[in-house]
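Residues per chain are reported as follows:
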Amino acid sequence: MSRESKGLENVFLLWPQAKELLKVQPAVIIKGPYEGSITYTNAAGAPGAVEIRMMIDVMVAGRVIVGLPAADFSRITRSEASG
């Protein structure tokens, strides 16, 4: 299932802001892992390749961010998070 078919066209537009937020606050996985696809386009805008990756949806600072690559995250315990 592609991002477009799930209505998630703006996920990558949100990711730079989410990445900054995730540096200072822990995230809670609310869904996943699940299989998701990323469609890459060529210079002409036509689909060039599709990559299937494991994705997760997270909540951070009260905001839900969907369709993030699970490989970009690491699991920590509550004691590690509290310092």
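Please refer to the structure placed before this passage.
A few points on the structure. Predicted model only: the values in this text are computed from it and were never measured.

Parameters at a glance
- Residues numbered from 1 in each chain as written.
- Predicted model: local features only at pLDDT ≥ 70, side-chain atom pairs only at ≥ 80, totals over all residues.
- Heavy atoms only, no water.
- Helix = DSSP H or I, 4+ residues; strand = E, 2+ residues; numbered from the N terminus.
- Buried < 20%, exposed > 50% of the residue type's maximum accessible area, 1.4 Å probe, protein only.
- Contact = heavy atoms within 4.5 Å.
- Areas by Shrake-Rupley, 256 points an atom, 1.4 Å probe, with all protein chains shown as cover.
- Core = buried A, V, L, I, M, F, W, Y, C linked by side-chain atoms within 4.5 Å.
- Pairing = 2+ DSSP bridges.
- Phe/Tyr/Trp six-rings, centres within 6.5 Å; stacked < 30°, edge-to-face > 60°.
- Lys NZ or Arg CZ within 6 Å of the ring centre and 35° of its normal.

**A closer look at the overall build of the protein chain**
Consideration 1: Counting its regular elements, the protein chain contains 2 helices and 3 strands.
Consideration 2: Along the protein chain, helices and strands appear, N-terminal first, in the series α-β-β-β-α.
Consideration 3: Within the protein chain, the proportion of its 83 residues that are buried is 22%.
Consideration 4: Taking the intrachain contacts of the protein chain between residues at least 6 apart in sequence as the baseline, contacts between residues at least 24 apart amount to 40%.
Consideration 5: Looking at the protein chain as shown, the accessible area adds up to about 6000 Å², and 56% of this sits on carbon and sulfur atoms.

**Looking at the nonpolar core**
Consideration 1: Judged by nonpolar contacts, I56, V58, V60, I65 and L68 together constitute the single largest core of 5 residues.
Consideration 2: At the level of elements, β2 (47-60) and β3 (63-69) are the ones that each hand at least two residues to this core.
Consideration 3: Per element, the largest residue contribution to this core is 3 residues, and it comes from β2.
Consideration 4: With near-sequence residues (within four places) excluded, I56 lies in contact with I29, K31, G32, P33, Y34, I65, V66, G67, L68, A70 and F73.

**What to know about the pairing of β2**
Consideration 1: In this sheet, β2 lies alongside strand β1 (residues 28-41) in antiparallel orientation, the contact comprising 11 bridges. Pairing of E35 across the sheet is with M54, part of β2.
Consideration 2: As consecutive antiparallel partners, β1 and β2 are separated by 5 residues, and within that stretch G45 has a phi angle of approximately 90 degrees, a positive value.
Consideration 3: With 5 bridges connecting them, β2 and β3 associate as antiparallel partners. Bridge pairing in β3 places M55 opposite P69.
Consideration 4: In sequence, β2 turns back onto β3 through a hairpin of 2 residues, with A61 there showing a positive phi of about 55 degrees.

**A short note on the packing of aromatic side chains**
Consideration 1: Evaluation of the coordinates by the stated rule reveals 0 aromatic pairs.
Consideration 2: The side chain of K31 reaches across the aromatic face of Y34, ending 4.9 Å from its centre.

**Re the environment of I29**
Consideration 1: Within the secondary structure, I29 is located in strand β1.
Consideration 2: You can call I29 partly exposed: its relative accessible area is 47%.
Consideration 3: With 30 residues separating them in the primary sequence, I29 and M59 have C-alpha atoms 6.5 Å apart.
Consideration 4: Residues contacting I29, with those up to four places away along its chain left out, are I56, D57 and V58.

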